[in-house]
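Chains, contacts and geometry: an overview
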Amino acid sequence: MSYPPTGTYRSQGRFRASRARRWLIVAASLAALALIAWPVMSYYEIPPFTDKGDPVSYGQADLAKGGKPADPRTLMPTGPAADLRNAGTRKDGSTISVVTLDGKKSGFKGKVWVWAPKEYTSDPKFATSGFPVLIALPGGPGDPSTGNYWIGPFTTPDKKSVNLQDSISQWYQEGSSKPFLLAMPILNPKPDNGGLYWDGSDIPGQEKMGTWLTEDVPDLMKANFRTLKSRDGWAYMGSSSGGFASLKSVLKHPDKFKAAVANGPDIVPDSPLWRGHEKEKAENNPEVLARQLAAAKGPDVYLAFQYGTKENKTMIESIKKFTATYGKGPVHTKLWEIPGGQHNAGTYLGNMHDPLKWISDQMEGPTPTP
């Protein structure tokens, strides 16, 4: 019988130990690289490092079946649950979702992005409470090819990066905003080619974008979230043509919506699609609607305006004239001028703290469980 030379077993043991250490080093290195790469791959939405496109529930199905509201002001989700899909996750873990909504009342089909703050999804004291809804509208084009830019982020004139979702969360924590649910629908059914837009209205012979914004989009939120029954839990916010649609929607439907933040808006409808439809155009004119509301002595509405000093002078003067002429009685107006501000969402969002606080002060918020 022959035996291996002295020390062979020891050397083989050292070899195996050395190889094991090398594998541990390789594994640790790969793990470290994965930790470094994961946020990068997730940021650029490279599968499988992203949850974009995954179904999102917000718990609406379970609550619709068995949840009970904290108080009679709350409307529990009515269903049916929409096919909401992850469109982006914020740093705090909250989710922006998107759904293609087939509007039953307008007959229009388009995308709506939604967001719920952490207080809605994970704060036990609000587990059965309704939340206020802010419907955020883009300016032109705001069409299906570009979506709704309020999902952000934006760069403000002073080079700060901001987005609507994080801003609302921060301002709520500071006590200056309600913890709004956000609905961010597209504004126009087709691209804004050559100044073509729909004024957020039901223009004869066109898609019923007024019904889409004031009926179908709110119905989507009621179906999938705990909302508030009264108009005190419903508001709009928008810029440019979205600001006009926000202003007009509240004045046209003061029984359903209480407040709006209108950033750099037109004051009167001016889409070329109104040609030949003067009666219907007047029915969607904020000046006419404000006069009618004043004559009816209510209900009270709250309209916050913003504009930048570098914006179109004619538009600035029209906003000043509207607030001076109609900002009385049941039409409550407040105006913020942004020094050096331009006609863009970064300017508006970077200065929206005070306007959003003002309308938040007029609205209901979620009611904590006793």
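As shown above, the structure is provided for reference.
Residues numbered from 1 in each chain as written. Predicted model: local features only at pLDDT ≥ 70, side-chain atom pairs only at ≥ 80, totals over all residues. Heavy atoms only, no water.

**Focus on the sheet that holds strand β12 (residues 301-308)**
What holds strands together in a sheet is hydrogen bonding between their backbones, with the strands either parallel or antiparallel. What counts, and what does not: A strand pair is defined by DSSP finding two or more bridges across the two strands. Put simply, DSSP marks the helices as runs of H or I at least four residues long and the strands as runs of E at least two long, and each gets a number from the N terminus on. Fitting a line to C-alpha atoms yields each axis, with helices limited to the stretch in contact; the angle taken between N-to-C directions then spans 0 to 180 degrees. Pairs of residues are marked as contacts when any of their non-hydrogen atoms sit within 4.5 Å.
The nine strands lie next to each other as β2-β3-β4-β8-β5-β10-β11-β12-β13, forming an open sheet whose pairing is mixed. Unpaired on one side and paired on the other, β2 (85-89) and β13 (331-338) mark the two borders of the sheet. When strand polarity is set aside, the average angle formed by the axes of neighbouring strands in this sheet is 20°. Relative to β12, helix α9 (residues 313-326) is tilted by about 155°, and along the sheet it contacts β12 and β13.

**Notes on α9**
Applicable threshold: An expected span of 1.5 Å times one less than the residue number is assigned to each helix. To sort residues, take the accessible area from a 1.4 Å probe on protein chains only and compare it with the maximum for the residue type: under 20% means buried, over 50% means exposed, and anything in between is partly exposed. In this context, the arc is that of the directions from the helix axis out to the C-beta atoms. For the purposes of these results, a polar contact is taken to be a pair of N or O atoms within 3.5 Å, where, inside protein, one atom must be able to donate a hydrogen and its partner to accept one; residues adjacent in sequence count only when each atom of the pair is a side-chain atom.
The end-to-end C-alpha distance of α9 is 20 Å, a good match for the 20 Å that 14 residues give at a rise of 1.5 Å each. Considered for burial, the residues of α9 that qualify are Met315, Ile316, Ile319, Phe322, Thr323 and Tyr326. In a view along the axis of α9, the buried residues occupy a sector of 140°, so they form one face of it. Every exposed residue of α9 that faces more than 90 degrees away from the buried side is listed here: Lys313, Thr314, Lys321 and Ala324. On its buried face, α9 sits against α6 (241-252), α8 (286-296), β12 and β13. Where α9 begins, one side-chain oxygen reaches toward the backbone nitrogen of Thr314, 2.9 Å away; that side chain belongs to Asn312.

**Structural notes on the side chain of Ser271**
Position of Ser271 among the secondary structure elements: in the loop between β11 (259-263) and α7 (278-282). Residues within four places of Ser271 in sequence aside, it is in contact with Tyr197, Asp199 and Ile203.

**Focus: the nonpolar core**
The following threshold applies: Remark: nonpolar core denotes a set of buried residues (Ala, Val, Leu, Ile, Met, Phe, Trp, Tyr, Cys) joined through side-chain atoms within 4.5 Å.
In terms of nonpolar packing, the biggest core is built from 85 residues, with Trp150, Trp212, Leu251, Leu303, Phe322, Met352 and Leu356 touching the most fellow members. Ignoring anything within four residues of it in the chain, the contact list for Trp150 reads Ala136, Leu137, Pro138, Leu164, Gln165, Met184, Met237, Gly238, Ser239, Ala345, Leu349 and Met352.

**Some remarks on the pairing of strand β8 (residues 181-185)**
Side-chain positions along a regular strand alternate between the two faces of the sheet. Across the five residues that make up β8, a large majority, five, are buried. Residues Leu181, Ala183 and Pro185 of β8 are buried on one face, and the alternating residues Leu182 and Met184, pointing to the opposite face, are buried as well. With three bridges joining them, strand β5 (residues 133-137) and β8 adopt parallel strand pairing. Looking at β8, one finds that Ile135 is bridged to Ala183.

**Considering the pattern of salt bridges**
Short version of the rule: A side-chain nitrogen of Lys or Arg and a carboxyl oxygen of Asp or Glu constitute a salt bridge if their distance falls within 4 Å.
Counted under the stated rule, the structure contains 15 salt bridges. Between Glu215 and Lys105 there is a salt bridge, with the nearest N and O atoms lying 3.2 Å from each other. One end of the pair, Glu215, is in helix α5 (residues 209-224); the other, Lys105, is in the loop between β3 (95-102) and β4 (109-115), and 110 residues separate them in sequence. Lys125 is the partner of Asp123 in a salt bridge, and the nearest nitrogen-oxygen pair spans 2.8 Å. If you follow the salt bridges from partner to partner, you end up with Lys105, Glu215, Asp219 and Lys256 in one network.

**Some details on unusual backbone geometry**
Here the amide bond leading from Gly152 into Pro153 is cis, since omega sits at -5°, within 30 degrees of zero. Examined against the element boundaries, Pro153 turns out to sit in the loop between β5 and β6 (154-155). The linkage connecting Gly298 with the following residue, Pro299, adopts the cis geometry, with an omega of 5°. Topologically, Pro299 is positioned in the loop between α8 and β12.

**Topic: the environment of Val217**
Here Val217 is to be found in helix α5. The exposure class of Val217 is buried, given its relative accessible area of 0%. Separated by 116 residues in sequence, Val217 and Leu101 have C-alpha atoms that sit 8.2 Å apart. Apart from residues lying up to four places away in sequence, Val217 is in contact with Leu101, Val112, Ile135, Ala183, Pro185 and Trp212.

**Focus on the pairing of β5**
Among the five residues in β5, five count as buried, and that is most of the element. Neither face of β5 is left uncovered, since the one carrying Val133, Ile135 and Leu137 and the one carrying Leu134 and Ala136 both have all their residues buried. Here β5 pairs with strand β10 (residues 234-239) via five bridges, running parallel. Paired with Val133 across the bridge in β10 is Trp234.

**Some words on the environment of Asn163**
Counting through the fold element by element, Asn163 comes out in the loop between β7 (161-162) and α4 (164-173). Asn163 sits in the buried class, given a relative accessible area of 5%. Taking the C-alpha atoms as reference, Asn163 lies 8.7 Å from Gly346; in sequence the two are 183 residues apart. Once residues lying within four places of it in the same chain are set aside, the contact partners of Asn163 are Arg90, Gly152, Pro153 and Leu349.

**Notes on the packing of aromatic side chains**
Where we set the bar: Aromatic contacts are taken between Phe, Tyr and Trp rings whose centres are within 6.5 Å, Trp giving its six-membered ring; a plane angle under 30 degrees counts as stacked, one over 60 as edge-to-face, and the others as tilted. By definition here, charges over rings are those cases where NZ of Lys or CZ of Arg is within 6 Å of the ring centre and within 35 degrees of the ring normal.
Evaluated as defined, the whole model comprises 13 aromatic pairs. Ring plane angle 50° and centroid distance 5.0 Å describe the contact between Tyr58 and Phe225, whose orientation is recorded as tilted. With Tyr58 in the loop between α1 (8-43) and α2 (60-66) and Phe225 in the loop between α5 and β9 (227-228), this residue pair connects regions lying 167 residues apart in the sequence. Here Tyr58 matches Phe225 in class, with each residue buried. Geometrically, the ring pair formed by Tyr120 and Phe131 is edge-to-face, given 5.1 Å between the ring centres and 75° between the ring planes. Linking Tyr120 in helix α3 (residues 118-122) with Phe131 in the loop between α3 and β5, this pair joins segments that are eleven residues apart in sequence. The exposure class assigned to Phe131 is buried, which follows from its relative accessible area of 0%. Ring pairing ties together the aromatic residues Tyr58, Tyr120, Phe126, Phe131 and Phe225, which thus form one cluster. The cationic tip of Lys222 hangs over the ring face of Trp234; the distance from NZ or CZ to the ring centre is 5.5 Å. The ring of Tyr120 has Arg226 sitting right over it, with the charged end atom 4.0 Å from the ring centre.

The analysis is restricted to geometry; functional conclusions fall outside its scope.
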